[in-house]
Amino acid sequence: MNIFPAQYSTLSAAALKDYLIETYHLDLSTTCRLLIRNVSDTYILENPSQKYIFKIYRDAHRKRNEIEAEVELLNILKANENSVSYPITDKEGKQIQQFNAIEGLRNGVLLSFAEGKVILDLEHQHLIQLGYDIAKLHQTTSSIKLNNPRPIFDFETTLFEPLKDLEPHFSEMKEEYEYLSNISEKVVKKFKEFDTSKFSYGYYHYDFFPKNFHFDEQGKITFFDFDFAGEGYLINDLMSFLNHYFFHQLNNLISKEQAEKDFDTFLNAYQQVRTLTDDELKAIPYLGITFHIFFLKFFYDNYDDWSNNFLTPRYTKHRVTLIKKWEETYCNF
């Protein structure tokens with residue numbers, strides 16, 4: 001029977017349940033349901049005594065060697081006593097499963113469940129714990145070299161390539177494109193004022209929003225969703241967390257003064273474990289521009305698969321306005 005090709009299928013939760021029970025010797029009562037269909041597809045598996053997350057990657061987004069690098073990174077973090085959602089090993093000793101889906105081979109990883117819940121309004125003690133734990137994580141990631149590649153985040157991949165790829169999309173939005181080009185040049189110029197030779201370098205999460213870590217009842221944090229983990233300046237993680245406060249202020253959920261105070265509490269706790277240079281602290285806001293331009297390209301690249309509801313001209317203009325607000329709030333060119 002000939003099957004017409006597809007570019008993005010959704011694997012059956014019922015079939016996955018049977019496969020995973022068998023492959024990992026899970027309790028026969030284990031259930032499986034789809035949680036999120038997005039960058040990768042996330043399923044939750046539950047039985048009376050255990051919970052797991054099963055993540056299926058899209059080949060268009062993550063190649064096998066990048067997934068192997070993510071798995072390797074998580075194993076190293078766990079071995080160094082960082083609290084992360086980590087890969088589970090199957091009965092044959094494997095941590096990556098492969099499925100012959102309609103669109104071709106897809107890879108999946110079974111992960112431990114991050115106990116606890118998301119907390120959006122972080123209190124003083126949460127921020128101190130978060131600062132400590134991210135710094136501890138960076139102590140590990142700054143001293144390793146993975147066997148497989150992860151994306152490298154630098155000006156080429158977060159500014160120049162995105163602007164080149166996005167240009168056709170902005171054909172009817174010349175003013176907005178010009179703004180992005182100009183601000184990118186300003187960021188590069190600004191970085192010439194910093195001594196980047198002393199910046200900490202290594203692997204980082206690049207998406208440290210509260211949605212990606214859980215606090216349990218004792219205040220212990222577990223980090224998860226390392227899908228965007230890449231290589232570059234470690235302060236990118238502090239910048240991605242600053243975005244939480246940026247959006248929280250935009251949504252009128254916190255005052256500017258409280259947001260600044262909370263972020264300072266987090267930074268001070270981080271520096272109890274890992275000190276930052278003055279230039280690293282000054283550079284954090286400017287990396288926010290690269291972050292927003294990088295993700296605009298990400299939406300553009302994945303337009304066909306799931307983000308077509310995002311990438312309307314109205315949405316694009318809204319994202320450019322956000323970058324302008326970020327510049328007004330945090331940058332001083």
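(A) Region of interest: the sheet that holds strand β5 (residues 104-112). Judged by pairing direction, the sheet is antiparallel, and its five strands sit side by side in the order β1-β2-β3-β5-β4 without closing on themselves. Two strands in the sheet have a free side with no partner beyond their single neighbour: β1 (31-37) and β4 (97-101). Adjacent strand axes in the sheet meet at a mean angle of 25 degrees when their direction is disregarded. Pairing of β1 with strand β2 (residues 41-46) involves six bridges; the strand directions are antiparallel. Across the sheet, L34 pairs through a bridge with Y43, a residue of β2. Packed onto the sheet, helix α1 (residues 13-24) meets β1, β2, β3 (51-56), β4 and β5 and runs at close to 120 degrees relative to β1. Here helix α2 (residues 64-79) sits on the sheet and contacts β3, β4 and β5; the angle it forms with β5, its principal contact strand, is near 10 degrees.

(B) Representation of the packing of aromatic side chains. Evaluated as defined, the whole model comprises 40 aromatic pairs. With a centroid separation of 5.8 Å and 75 degrees between ring planes, the pair formed by F299 and Y315 is classed as edge-to-face. Taken together, the residues span a long stretch of sequence, with F299 in helix α8 (residues 278-301) and Y315 in helix α10 (residues 313-330) at a distance of 16 residues. You can call F299 buried: its relative accessible area is 11%. For Y315, a relative accessible area of 15% gives the class buried.

(C) Local environment of the pattern of salt bridges. Tallying each qualifying case throughout the model produces 19 salt bridges. The closest approach of N and O atoms between K190 and E193, which form a salt bridge, is 3.4 Å. A residue is classified by how much of its surface remains accessible, and K190, at 12% relative accessible area, is buried. Classification of E193 as exposed rests on a relative accessible area of 55%. Residues K297 and D301 are paired through a salt bridge, measuring 2.7 Å at the closest nitrogen-oxygen approach. Taken as a pair, K297 and D301 lie in helix α8 at a separation of four residues, close to a single helical turn.

Definitions and cut-offs
Residues numbered from 1 in each chain as written. Predicted model: local features only at pLDDT ≥ 70, side-chain atom pairs only at ≥ 80, totals over all residues. Heavy atoms only, no water. Pairing = 2+ DSSP bridges. Helix = DSSP H or I, 4+ residues; strand = E, 2+ residues; numbered from the N terminus. Axes fitted to C-alpha atoms, helices over the stretch in contact; angles between N-to-C directions. Contact = heavy atoms within 4.5 Å. Phe/Tyr/Trp six-rings, centres within 6.5 Å; stacked < 30°, edge-to-face > 60°. Buried < 20%, exposed > 50% of the residue type's maximum accessible area, 1.4 Å probe, protein only. Salt bridge = Lys/Arg side-chain N within 4 Å of Asp/Glu carboxyl O.

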